[in-house]
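Structural characterization, general
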Amino acid sequence: MRTYPTIVDLLNMEGPGLQDYVTADELNQLLDGTLPHGLIADRYMEDLDWTNLVAVETGKTATRADLLTWIGWELEVAAEQRAEDAATNALAGLRAHAAAQARHERLALHSRDALIARAKENGATKDGIAKSLGISRPTLDKWMQEQADRSLFNDAIYTLVRRDTSQQGQEMLLQALGIRDTSAQAHVFLAGLSARALGDLRDGERELLDRAEKRARELV
């Protein structure tokens, strides 16, 4: 038989922990104060009396008092863990909401850009498009320029990706494909361009990269 100075020493060495010894409902009741700690202490005491594998040196009164103290400590830990879990779950909910909102905004912006392009292709004037969107003509010009920049940088970045760049360089370039921040795309494109030997470009690639480089330098 293994003997320990106190029940706390025994539990710290061999367990079980409080959450392994009570049901989920009982733990809730212990935390909200509707279940007396003494009932759980008595449960431990009964098991200690029954087992012939372990024992404690203290008497029953001191052992029960130690159990009540230990249960209080365990409940403090459980309450702190629940508070941490609640905060973690709340933050996870916020992240999920932000991600969903970002996806929705990306889809909405993509749809807007496609509608603007279709209206322009069908002969609509910029003034007419701006009026339909409820925006000013300068705002429309800004949107259309950003759309043209994204298209240019996406094509130019993809051209660099298709060449034999390093894995790190490819990852950097791929992360910039499709993002809406054209300034960030410009920075990434210029970084990728400076790391490439451009002596083996195909027809049209040199002209594309030259246009993208000129525009990128205007933005940065």
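Description of the structure in this document.

Thresholds, definitions, all that
- Residues numbered from 1 in each chain as written.
- Predicted model: local features only at pLDDT ≥ 70, side-chain atom pairs only at ≥ 80, totals over all residues.
- Heavy atoms only, no water.
- Patch = residues over 30% accessible without salt bridge, like charges linked within 9 Å, V, L, I, M, F, W, Y side chains within 5 Å.
- Areas by Shrake-Rupley, 256 points an atom, 1.4 Å probe, with all protein chains shown as cover.
- Salt bridge = Lys/Arg side-chain N within 4 Å of Asp/Glu carboxyl O.
- Lys, Arg positive; Asp, Glu negative; His and termini not counted.
- Charge placed at Lys NZ, Arg CZ, Asp CG, Glu CD.
- Helix = DSSP H or I, 4+ residues; strand = E, 2+ residues; numbered from the N terminus.
- Buried < 20%, exposed > 50% of the residue type's maximum accessible area, 1.4 Å probe, protein only.
- Expected span 1.5 Å × (residues − 1).
- Arc of directions from axis to C-beta.
- Contact = heavy atoms within 4.5 Å.
- Polar contact = N/O pair within 3.5 Å; in protein donor to acceptor, adjacent residues only side chain to side chain.
- Core = buried A, V, L, I, M, F, W, Y, C linked by side-chain atoms within 4.5 Å.
- Axes fitted to C-alpha atoms, helices over the stretch in contact; angles between N-to-C directions.
- Parallel < 35°, antiparallel > 145°, perpendicular 65-115°, else oblique.
- Left-handed = near helix turned anticlockwise from the far one by under 90°.
- Nonpolar A, V, L, I, M, F, W, Y, C, P; charged D, E, K, R; others polar.

**As for a negative patch on the surface**
A grouping of Glu-76, Glu-80, Glu-84 and Asp-85 is seen on the molecular surface, where their side chains present a negatively charged patch. Inspection of the secondary structure puts Glu-84 in helix α4 (residues 60-121). Among the residues examined, Glu-84 registers a relative accessible area of 47% and is labelled partly exposed.

**Some points on helix α9 (residues 205-219)**
Compared with an ideal rise of 1.5 Å per residue, which puts 15 residues at 21 Å, α9 spans 21 Å between its outermost C-alpha atoms and is within 8% of the ideal. For α9, every residue scored as buried is listed here: Glu-205, Leu-208, Leu-209, Ala-212, Arg-215 and Ala-216. Taken end-on, α9 shows its buried residues confined to a sector of 130°, consistent with a single buried face. Opposite its buried face, α9 presents the exposed residues Lys-214 and Arg-217, each directed more than 90 degrees away.

**Thoughts on the environment of Arg-112**
Its location among the elements puts Arg-112 in helix α4. Residues Arg-112 and Trp-143, 31 residues apart in the sequence, show an inter-C-alpha distance of 9.9 Å. Not counting residues within four places of it along the chain, the set of residues in contact with Arg-112 comprises Trp-143 and Arg-180. One polar contact links Arg-112 to Asp-113, side chain to side chain, over a distance of 3.0 Å.

**Remarks on the pattern of salt bridges**
Considering all chains together, one arrives at 16 salt bridges under this definition. Of the charged contacts in the structure, one is a salt bridge between Asp-42 and Arg-64, with a shortest N-O distance of 2.7 Å. On the criterion of sequence distance, the pair formed by Asp-42 in helix α3 (residues 37-50) and Arg-64 in helix α4 is long-range, its members being 22 residues apart. Here Arg-180 and Asp-113 are joined by a salt bridge, their closest N and O atoms 3.0 Å apart. Linking Arg-180 in the loop between α7 (167-176) and α8 (182-194) with Asp-113 in helix α4, this pair joins segments that are 67 residues apart in sequence.

**Topic: the nonpolar core**
In this structure, Ile-7, Leu-10, Leu-18, Ile-40 and Tyr-44 are the most contacted members of the largest nonpolar core, which totals 23 residues. Counting residues per element, the ones that place at least two in this core are α1 (7-14), α2 (24-32), α3, β2 (54-56) and α4. One finds Leu-160, Leu-173, Leu-201 and Leu-209 within the second-largest nonpolar core, a separate group that totals 18 residues.

**Here's the deal with the packing of α7 against α8**
At their nearest, the axes of α7 and α8 sit 9 Å apart, and the two run at 155° to each other. By the criterion of interaxial angle, the relationship of α7 to α8 is roughly antiparallel. Our pair here, α7 against α8, has a crossing hand that is left-handed. When α7 is examined against α8, the residues Met-172, Leu-173 and Ala-176 are found in contact with a partner set consisting of Gln-185, Val-188, Ala-191 and Gly-192. Across the contact of α7 with α8, the residue classes break down as five nonpolar, two polar and no charged.

**Focus on the packing of helix α6 (residues 137-162) against α9**
The interhelical angle for the contact between α6 and α9, taken along N-to-C directions, is 130°, at an axis separation of 9 Å. Judged by the angle between their axes, α6 and α9 are oblique. Seen along the crossing, α6 lies across α9 with a hand that is left-handed. Mapping the contact onto sequence places Gln-145, Asp-149, Leu-152, Phe-153, Asp-155, Ala-156, Thr-159, Leu-160 and Arg-162 in α6 and Glu-205, Leu-208, Leu-209, Arg-211, Ala-212, Arg-215, Ala-216 and Leu-219 in α9. Residue classes in the contact of α6 with α9 are distributed as nine nonpolar, two polar and six charged.

**Things to note about α2**
Every buried residue belonging to α2 is among Glu-26, Leu-27 and Leu-30, and all of these are buried. Summarising the axial view, the buried residues of α2 lie within an arc of 100°, below the 170-degree limit, and thus occupy one face. Exposed and oriented more than 90 degrees from the buried face of α2 are Ala-24, Asp-25 and Asp-32. One or two steps after α2, the chain reaches Gly-33, where phi turns positive at roughly 85°.

**Let's talk about the environment of Ala-212**
Summarising the element assignment, Ala-212 is placed in helix α9. Placed 57 residues apart in sequence, Ala-212 and Asp-155 show a C-alpha to C-alpha distance of 8.9 Å. When residues no more than four places from it in sequence are discounted, the contact partners of Ala-212 are Leu-152, Phe-153, Ala-156 and Phe-189.

Any functional reading would require information that these geometric values do not contain.
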